[in-house]
Amino acid sequence: MQTLKVDENWGNACRQIVQAGQRMDQRGWVPATAGNLSCRLPDGRIAITRSGGHKGFLTDSDVIEITPDGVPVDPASRASAETLLHTQLYAHDPAIGAVLHGHSVAATILSMDEPSDAITLAGYEVLKVFEGQTTHDTSLDLPLFHNDQDIARLATVVAPKLADMRLGYLIRGHGVYVWGRDMFTALARLEGLEFLLACELARLQKKA
Ligand SMILES: CSCCC(=O)C(=O)COP(=O)(O)O
Ligand SMILES: [Zn+2]
């Protein structure tokens with residue numbers, strides 16, 4: 001009986017990751033093999049995409065189990081190169097159930113264009129997709145970090161800022177990280193944030 005329940009949890013996690021990958025691909029947020037997706041199962045296990053696969057064409061075999069420290073349970077499998085950015089979020093907040101990372105055009109351009117260490121999003125109704133936001137009449141910062149091929153080092157730069165993050169964060173010239181209590185919530189936030197970034201990009205282009 002226990003085995004059946006565990007398998008069902010894993011199957012659900014795979015289905016959610018595969019479907020979310022398809023959705024992100026349809027929206028143009030995971031070009032080539034970019035992006036990675038993970039979720040935390042009700043029993044605490046963490047499922048994440050394997051490194052290097054196309055996120056629009058994932059199958060269950062592209063979803064692998066990692067420990068809370070980011071180590072693949074099966075040493076033969078290769079977890080996302082950015083696994084530590086996922087596990088640090090799960091460690092930071094036990095309420096987080098899914099983490100999504102994409103490389104959209106808007107996230108990439110805006111993150112390279114903004115000289116300060118955050119993009120401020122203000123006055124948008126869609127800000128209400130984020131937890132605790134009840135009005136458009138607000139201003140929220142989306143932090144920006146320099147890209148780093150050393151993900152462990154990047155994670156240490158991100159860590160002290162996590163507690164104050166309301167939207168997610170951007171890595172310069174790279175992409176966006178968003179999370180939520182479950183996959184549906186994380187996807188809704190990613191969609192909301194991508195909409196806001198597309199609006200900001202359009203405004204920037206209009207000014208130019
Ligand atoms: C071709 S994108 C470069 C790697 C990256 O930034 C990414 O998001 C995908 O890496 P992964 O190891 O998770 O496939
Ligand atoms: Zn990436």
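Treat the numbers as computed from the prediction; the structure is a model and nothing was measured.

**Some details on the site of ligand 1**
Here is step 1 of the chain: In the vicinity of ligand 1 there are 13 residues, among which Asn36, Ser51, Gly52, Ser80 and Glu82 approach most closely.
Here is step 2 of the chain: Here Ser51 contributes a side-chain N or O atom positioned 2.6 Å from an oxygen atom of ligand 1.
Here is step 3 of the chain: Between Glu82 and ligand 1, the recorded distance is 2.8 Å, taken from a side-chain N or O atom to an oxygen atom.
Here is step 4 of the chain: Split into classes, the residues belonging to the shell around ligand 1 amount to two nonpolar, nine polar and two charged.

**As for the sheet that holds strand 6 (residues 139-145)**
Sheet strands line up and pair through hydrogen bonds in the backbone, either parallel or antiparallel.
Here is step 1 of the chain: One open sheet holds the eight strands; their spatial order is 3-2-1-4-8-7-6-5, and the pairing between them is mixed. Of all strands in the sheet, those with a lone pairing partner are strand 3 (63-66) and strand 5 (118-122), marking the two edges. The average angle at which neighbouring strand axes cross in this sheet is 20°, direction not considered.
Here is step 2 of the chain: Across five bridges, the pairing between strand 5 and strand 6 is antiparallel. Across the sheet, Ile119 pairs through a bridge with Leu142, a residue of strand 6.
Here is step 3 of the chain: Contacts from helix 2 (residues 83-92) reach strand 1 (36-40), strand 2 (46-49), strand 3, strand 4 (98-102), strand 7 (169-171) and strand 8 (175-180), with the element oriented near 30° to strand 1.

**Topic: the confidence of the model for the chain**
Here is step 1 of the chain: Chain-level statistics for the chain give a pLDDT mean of 96 and a share of 97% at 70 or above.
Here is step 2 of the chain: Across the predicted assembly, pTM comes out at 0.97 and ipTM at 0.99.

**Observations concerning the coordination of the zinc ion (ligand 2)**
Here is step 1 of the chain: Ligation of the zinc ion (ligand 2) by protein atoms is provided by Glu82 (OE), His101 (NE2), His103 (NE2) and His174 (NE2), these donors lying 2.1 to 2.4 Å from the ion.
Here is step 2 of the chain: Considering all six donor atoms around the zinc ion (ligand 2), the spread of angles at the metal, 73 to 174°, places the coordination shape in the octahedral class.
Here is step 3 of the chain: The sequence pattern describing where the donors of the zinc ion (ligand 2) fall on their chain is E-x18-H-x1-H-x70-H. Here His103 lies in the loop between strand 4 and helix 3 (105-113) and Glu82 lies in the loop between strand 3 and helix 2, a separation of 21 residues in the sequence.
Here is step 4 of the chain: Given a relative accessible area of 10%, Glu82 falls into the buried group.

**Describing the UniProt feature "domain: Class II aldolase/adducin N-terminal" (unreviewed entry) in the chain**
Here is step 1 of the chain: In the UniProt entry, the feature "domain: Class II aldolase/adducin N-terminal" (unreviewed entry) is given for residues 15-201.
Here is step 2 of the chain: A distance of 33 Å separates the end C-alpha atoms of residues 15-201, which is 31% helix and 21% strand.

**Observations regarding the pattern of salt bridges**
Here is step 1 of the chain: Scanning all chains against the criterion turns up nine salt bridges.
Here is step 2 of the chain: Arg27 is the partner of Glu191 in a salt bridge, and the nearest nitrogen-oxygen pair spans 3.0 Å. Of this pair, Glu191 sits in helix 5 (residues 183-207) while Arg27 sits in the loop between helix 1 (2-26) and strand 1, and the two are 164 residues apart along the sequence.
Here is step 3 of the chain: With a relative accessible area of 38%, Arg27 lands in the partly exposed category.
Here is step 4 of the chain: Between Asp62 and Arg50 there is a salt bridge, with the nearest N and O atoms lying 2.7 Å from each other. On the criterion of sequence distance, the pair formed by Asp62 in the loop between strand 2 and strand 3 and Arg50 in the loop between strand 2 and strand 3 is long-range, its members being twelve residues apart.
Here is step 5 of the chain: Since its relative accessible area comes to 9%, Asp62 is described here as buried.

Conventions and cut-offs
Residues numbered from 1 in each chain as written. Chains lettered and ligands numbered in written order. Predicted model: local features only at pLDDT ≥ 70, side-chain atom pairs only at ≥ 80, totals over all residues. Heavy atoms only, no water. Near = heavy atom within 4 Å. Polar contact = N/O pair within 3.5 Å; in protein donor to acceptor, adjacent residues only side chain to side chain. Nonpolar A, V, L, I, M, F, W, Y, C, P; charged D, E, K, R; others polar. Pairing = 2+ DSSP bridges. Helix = DSSP H or I, 4+ residues; strand = E, 2+ residues; numbered from the N terminus. Axes fitted to C-alpha atoms, helices over the stretch in contact; angles between N-to-C directions. Contact = heavy atoms within 4.5 Å. pLDDT = per-residue confidence, 0-100. Donors = N, O, S within 2.8 Å, 3.2 Å for Na, K, Ca; no water. Tetrahedral: all angles 85-135°; square planar, octahedral: opposite > 155°, others 65-115°. Buried < 20%, exposed > 50% of the residue type's maximum accessible area, 1.4 Å probe, protein only. UniProt positions renumbered as here; feature names shortened; annotations may be inferred. Salt bridge = Lys/Arg side-chain N within 4 Å of Asp/Glu carboxyl O.

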